[in-house]
Amino acid sequence: MGIEVHRPPMEAWYMDDSADDQRKPHHRSPPEYVSLEKLAELGVLHWVLDADSFETDPELQRIRKERGYNYEDFIEVSPERLANYETKIKNFYEEHMHTDEEIRYCLDGSGYFDIRDPEDRWIRIWVKKGDMIVLPAGSYHRFTLDENNYLKAMRLFVGEPVWTPYNRPQDEHPVRKDYINNFLKTHLDKIDVSLSTQHAATA
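Summary of the structure given here. Keep in mind that this is a model prediction, so the values were computed, not measured. (Residues numbered from 1 in each chain as written. Predicted model: local features only at pLDDT ≥ 70, side-chain atom pairs only at ≥ 80, totals over all residues. Heavy atoms only, no water.)

Overview of the pattern of salt bridges
No. 1: On inspection of all chains with the given rule, the structure shows 20 salt bridges.
No. 2: A salt bridge links Arg168 to Glu95, with the nearest nitrogen and oxygen atoms 2.8 Å apart. Placement of the pair is Arg168 in the loop between strand E10 (166-167) and helix H4 (174-202) and Glu95 in the loop between helix H3 (85-92) and strand E4 (96-97), with a sequence separation of 73 residues.
No. 3: A single network of salt bridges, built from pairs that share partners, joins Glu95, Arg116, Asp120 and Arg168. (Salt bridge = Lys/Arg side-chain N within 4 Å of Asp/Glu carboxyl O. Helix = DSSP H or I, 4+ residues; strand = E, 2+ residues; numbered from the N terminus.)

Description of the pairing of strand E9 (residues 151-157)
No. 1: By the criterion of burial, E9 is predominantly enclosed, with six of the seven residues buried.
No. 2: In this structure, strand E3 (residues 71-77) lies alongside E9, joined through seven bridges in antiparallel fashion. Its bridge partner lying in E9, Asp73 is registered against Arg155.
No. 3: Bridge count between strand E5 (residues 102-116) and E9: six bridges; the pairing is antiparallel. Residue pairing for E9: Ile103 is matched across the bridge by Leu156. (Buried < 20%, exposed > 50% of the residue type's maximum accessible area, 1.4 Å probe, protein only. Pairing = 2+ DSSP bridges.)

Without other data, these values stay purely geometric and don't point to any function.
Put into structure tokens, the structure is as follows:
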């Protein structure tokens, strides 16, 4: 058993459309929070682990074994610690997808992962020390630091790492199509049925 971590749950919310600094929270007014269950429907996985004992944590070892995460490295994202910071943080914030999962375990600091919902709205996920998050292959997402300007993360991968981002649009990409079919299609079908019903009622 790993060490039980006591801390507030990970927060996520719908973003406003402001062009203000990307590192700000960008809450709507009033704020519209998103549950962990809603994130799970989008394929987002999340664990809260003991970041101070990541080298020996049996819970992390269990997750890695079960999901086949055999590769690891570490990244520090800050103006002082990341070479070519301005270029890289701009690239991280470009809306993109990957052909594999994006797995990040926050060991220190904090930052935001944004992911699109089925109606193409941005959901902002606030990742802090101890959060391990998995964004599914084919999901449109992006990353930025928050106003603390620092995040240290373990990057995990199955096999040899492939960090290639595919900037949107990629709707004809097989991995994107798989993601839509696996996580978005049921919701989109419900929207279509609802719209058709509303149209019939007003016709």
